[in-house]
Each structure stands twice: as structure tokens, then as C-alpha cells.
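An overview of the molecular structure
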Amino acid sequence: MKTIKGIAVAPGIAIARAFVLEQFRQRVPHHRVAPEERAGELERFEQALEAATNDLAADRDRAASDLGKEAAKIFEFHLGLLQDPTLLGPIREKIGEKGANADFAVASSFSRIIDQFNSMGSQVFRDKSRDILDLERRVLDHLMGRSQERLSRLNEPVVLIAHELTPTQAASMAIDHVVGIATDAGGRTDHTSIIAAAIGIPVVVGCHAITEQVNDGDLLILDGRGGQIIIDPDEQTLASFNEARDRMAQFESETAQEASADAVTLDGTNITLLGNIEFPREIEQLKKYGGEGVGLYRTEFIYLTNDTEPTEDELFTQYTNAIEMLEGRPLTIRTLDLGADKHTQQQALEPERNPFLGLRSIRHSLQHLPMFRRQLRAILRASVHGPLKVMFPLITTVTELKQARMVLDDVAEDLRQEGVEVPRDIPIGMMIEVPSAALMASTFAKEVDFFSIGTNDLIQYTVAVDRSNERVANLYSASNPAVIRLVKNVIRAAKRRGVDTSLCGEIAGDITYTMLLIGLGLRSLSLVPSQIPRVKQLIRRVTLEECERLARRVGAFESQRRILRVLRLETARVLPEADGGWNAG
Ligand code: PEP
Ligand code: MG
């Protein structure tokens, strides 16, 4: 029995066998091959090479017939490389003479060439290095087996173990038999974690080297409350976690029964609980859990899960579907928030050095106007079908906000000229996700109808900690007094100017923070739909006065640890049966 600690992302307990997702470059096994087995290992390599060459030739022929001879030429370069003695010679030598396993020999030799190409400084060579990466993948595919294929063939529950998942992979992970996820890398609120949490299964990230310590088929307990994975548990541990899992399931089903109850404090203050969604299909869950509308629709995910940009009509259909499924409940559409970890940096011509400080979010939209305008056209066309609000992400300056509004107004005018009806009273809002916006909230409040505080990003920009970096995750916390002060400033400024404010960062779904947020003055929260019943249950057990007292008390503390400790104690006092804390930040 062995325990690995990580970062808790989504609560719950999963007990199942491990499925280790092989990942290229991050996890190529390295071991020595005994002299008498080297010939066989070389043969394995030759077969993989031949299979990859055959795949490529087939792709070349298909491209030639679909797109013409010119398009097929790119494959000739690839095919040439797969016969190049300067590449193959060292691989054969590593296997045959040095006793390396074939997978490792391939990965290390390709790495060397990729590094050489990358260091040449010319874009042409950097582009070529991506081609070589693709070639490596093709050969390794044949050597290591296709884990994605194996995954889709599974028919028993598994805990998925991976080095790192992209948001897109996580989005396609909604497979019945994946009952838990644990990764080496990642942070509590990076977008992969958010998507994984939305599936409603326990998730632990930032486990450093779990992929090296777990083997396919190991029995695992994944505890999403405290963020730990137990490998090969003994009988007693297994029994106690089975019992805890049953207890939690019972608690969840009891709270779910209260889904239709009002989210109102003991002394009669109503709190609006909205849902965060990435795809319209999540609206069914939202309604089941008693959500009163959508406070954050992360519209970029449809772009991330498709190879090509969706058309205006496809977007229009998605948005209209969402509105119809909501049956009159409000839909807050956030415009594209591409970039940082929600971008295909791999696809970018020149990957950014600091993507979280780079061309992300509204900045990306303002530099890709045709794409931005297509999205806005779809939103405005859909807006006649039900109550809809538009929200701009990551606004940092007033000029940026005005530019975004100008594009929106311009698109609306175009549509009207085309004879399309566009309401004139669509509420326009912005996310408060960077300290500059939080500090200047009273200025921004003159320009918008509503704010939504995005603590996931606000924390990372306030304390200068990449939200997806497990190495500095201990510094990333909503309990940081600076973060609390900024949130307070926004709420106060908005109140003074009569601007509605909600909060849609992950802490909105973490009961540890519910009393504090209400005490600071928030009356609307937007959260992962499955977390709504739990938050609602807590709200129904407290008074406004209690919450305000708690906010005043922690407002005087200087230490993050002390704040978190008091918040946890208060939460446990009010809702002891919630069985173990889980903290989103
Ligand atoms: C946030 O930053 O808090 C937020 C809700 O946006 P996202 O998590 O999509 O960056
Ligand atoms: Mg954000």
C-alpha cells in the first residue's frame, strides 16, 4: 500500500483499477534490454517503422486523390525522413548495441533532431520540427499501442492516470467507465480540471510522478476530498473507504432531493445560484440540480473540440439550443476566452513565451476580428429567443472594454441593416479577473450593466501564480487576504453604482467560501451545476448576520492559513455531515 498526495479538484471517492494513459514525449518508458533480446527489440522497431511508413503512404495517396499532387508533396518529406540513415542509424545503434528499449531509442533520437531544428531560429525549421514530432508520434503509436483506442474499448470502471490532459481531451473524457482522474501535472482551477470536475467524478491533479508509480491494473482508491491516491490498499483501508463512499453517496442523494428548495438564508435573504457550463448539454444537469440560469457559458470549448472554426450558423444553433433548454431562465454568454491554456499553443505559428500574460481572451478576439464578429453575430441573432446577457472576459483597461462594445454595436447595426431583429436592451457585462479591473471597478461600473468576478484568474494574477502549475500550487489560494480585499472592493464599487455582481470562479462551488462570499455582499453565485445542492444546503443553514460577522472577522486577518482555518471551522460547524472539506482555492 502506498499513498500519493496531489491537489484536490473535485470531491468524491473512486475505487477502481488504474488505466494509465500513455502520452508521447512525457512518458516514454526507459529500460535496458538483455543482450539476447536485442535482436527481437530491433525487429519490433523495424516493424513499427514499416507500419508507420505504410500509414504515411496511405495518407499521401488519399491526399493526392482528394487534394491533388501538390498537397501530397508534404508527405514525401516525411517518407524521406523515415528512410534517412542519419535518423535511423543512431536508433538502431541504441537498441542493438546499447540495449535501449525501442520506444526510448526512438523518442530520444527524434528529440535530438527536434531540438536541433528548434534552435535554428528560423520559422521554417521550427515548422519542420512539428512535422518531425508528428512522425515520431506515428512510430511510437505502433510501438506503444494506442491507449486512446484501448480506452474506448474498456468495459469496466477505471481510474484514469495521465501525465497531463488537455482541456480538449478532458472534454472527450465523459465516458461512463472513467470513474476518477489523477494526473502528474496541473492546478486546481486550470481548464482541464474545470472540465474534468464538470463531468462530476473525483479528480486529483498535481501528483508529480503518479504515472511512474502506478501500473495499469493496480487497484486504486482516489480520494477527491483531500487529494490523495492510495495504491494497492489493504483490506482495512479498502473497507473504510468503501464505507466513506457510501456515506457520501447518501449525503449527495439527500442534498439532491433539496434541489428544488429556495436558496434562502435562515433570515430570508435570497441567493441566486446559477451554473457554469461549457456545452449546452450540461443544461439538463443544471436544471436537475436546481440552477436558476447560466451565469457563465464558456463558449470557447466548441472551438477547442473542433478542428475547424465553427460557422456562424453552427454557433447560432448552439446558442439557440441553450436558450431553449433553459426554458426562460437567463443565459450569460461569455465571448471567446481563447488563449493561455485554452489555446492550441501547439497550433500557434509561434508559441508564446508567457501565454497567460499574452494574447488571450478579449485581446485575442480584438486581434481576430472576423472570428469575433462571427461569434457576436451568432449571439445577437440568438438573443431574440430568450433572456440573454453578453459578457466580455479578461478586461484589463477601459479602452479595451469600449473597443469590445464598439464591435458589438457595429455587428448589431449590420444585422439590423440586413433586416435581422436585434433587441436594444441586451445587458452587457464584463468579467473581473485581473487586479487592474478589480482596483478600477468603480470606473468600469459606469460602462457595464453587470460584473462577474472570475477568481480563478484573479487569484493567479494577484499572487503571480500560474493556476495550472502544481509546483507553486500552495501559493494559489482564494484565502489570500489580497484576493479577499480585491473581491470586497469590486462588490462595494458595484453596489455604489447599482451594478449587479456575481462570482463565477471555482470558489463559488466550494462550501468553505459560501459564508464569506455572502458576508462580503454577494447575492449571486455561478458554479459547477453538481455543486449547487451542497451550496444551497449551506445557505439554508446560516443567517446573513452570521455571514457578515465572519467576513468582518477574516477581513482583519493577515494570514492566508488563518483565514482558511477559520472558514473551514465555520463550515464544519454549520454543515458537519458534508464529510471532509474540499477547497477550490
Ligand atoms: C475565472 O477566471 O474565474 C473564470 C471563471 O474564467 P475561466 O475559469 O474560464 O478562466
Ligand atoms: Mg478566467
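The notes below deal with the structure included here. (Residues numbered from 1 in each chain as written. Chains lettered and ligands numbered in written order. Predicted model: local features only at pLDDT ≥ 70, side-chain atom pairs only at ≥ 80, totals over all residues. Heavy atoms only, no water.)

Take Glu400: it is sitting in helix α16 (residues 398-417). With no salt bridge to any partner, buried Glu400 finds its closest opposite charge in Arg363, at an N-O distance of 4.1 Å. Among residues more than four places away in sequence, those in contact with Glu400 are Ile362, Arg363, Leu366, Leu394 and Ile395. (Helix = DSSP H or I, 4+ residues; strand = E, 2+ residues; numbered from the N terminus. Buried < 20%, exposed > 50% of the residue type's maximum accessible area, 1.4 Å probe, protein only. Lys, Arg positive; Asp, Glu negative; His and termini not counted. Salt bridge = Lys/Arg side-chain N within 4 Å of Asp/Glu carboxyl O. Contact = heavy atoms within 4.5 Å.)

For the rest of this paragraph, the subject is helix α21 (residues 511-519). Across the nine residues of α21, nine count as buried, placing the element largely inside the fold. Of all the positions in α21, only Ile511, Thr512, Tyr513, Thr514, Met515, Leu516, Leu517, Ile518 and Gly519 are classed as buried. Of the surrounding elements, those touching the buried residues of α21 are α20 (481-497), β15 (500-503), β16 (524-527), α22 (532-539), α23 (544-555) and α24 (560-574). Downstream of α21 by a residue or two, Gly521 has a phi angle that is positive, lying close to 120°.

Taken together, 16 residues sit near ligand 1, with Arg298, Arg334, Gly454, Asn456 and Arg467 positioned nearest. Between an oxygen atom of ligand 1 and a side-chain N or O atom of Arg298, the distance comes to 2.7 Å. One nitrogen or oxygen atom from the side chain of Glu433 is found 2.9 Å from an oxygen atom belonging to ligand 1. Of the pockets mapped on this structure, ligand 1 occupies the largest cavity. At the level of elements, α8 (191-199), β10 (294-298) and α19 (455-463) are the ones that each hand at least two residues to the shell around ligand 1. Element by element, the count of residues in the shell around ligand 1 is highest for α19, at three residues. The residue makeup of the shell around ligand 1, split by class, is four nonpolar, five polar and seven charged. (Near = heavy atom within 4 Å. Polar contact = N/O pair within 3.5 Å; in protein donor to acceptor, adjacent residues only side chain to side chain. 1 Å grid on protein atoms, 1.4 Å probe; cavity = no way out; pocket = protein on both sides within 12 Å on 5 of 7 lines; lining within 4 Å. Sits in = over half its atoms within 2 Å of the grid points. Nonpolar A, V, L, I, M, F, W, Y, C, P; charged D, E, K, R; others polar.)

Another aspect to go through is the pattern of salt bridges. By the definition in use, this model includes 28 salt bridges. Residue Glu278 is joined to Arg298 by a salt bridge in which the shortest nitrogen-to-oxygen separation is 2.8 Å. Of this pair, Glu278 sits in the loop between β9 (272-277) and α11 (283-288) while Arg298 is found in strand β10, placing the two residues 20 residues apart along the sequence. As far as burial versus exposure is concerned, Glu278 and Arg298 are alike and both buried. Between Glu506 and Arg298 there is a salt bridge, with its nearest N and O atoms 3.6 Å apart. Residue Glu506 is located in the loop between β15 and α21, and its partner Arg298 is located in strand β10; the two are separated by 208 residues in the primary sequence. The class for Glu506 is buried, based on a relative accessible area of 8%. Here the residues in one salt-bridge network are Glu300, Arg334, Asp337, Arg360, Asp457 and Arg467, joined through shared partners.

What follows covers the pairing of β10. For β10, a buried count of five out of five residues is recorded, marking the element as mostly surrounded by other parts of the structure. In this fold, the crossover linking β9 to β10 by way of α11 has right-handed handedness. Relative to strand β11 (residues 331-334), β10 runs parallel, the two being bridged by three bridges. Each residue of the ladder has a partner; that of Arg298, found in β11, is Arg334. (Right-handed = clockwise from strand over helix to strand, strands pointing away. Pairing = 2+ DSSP bridges.)

Read these as geometric descriptors, not functional statements.
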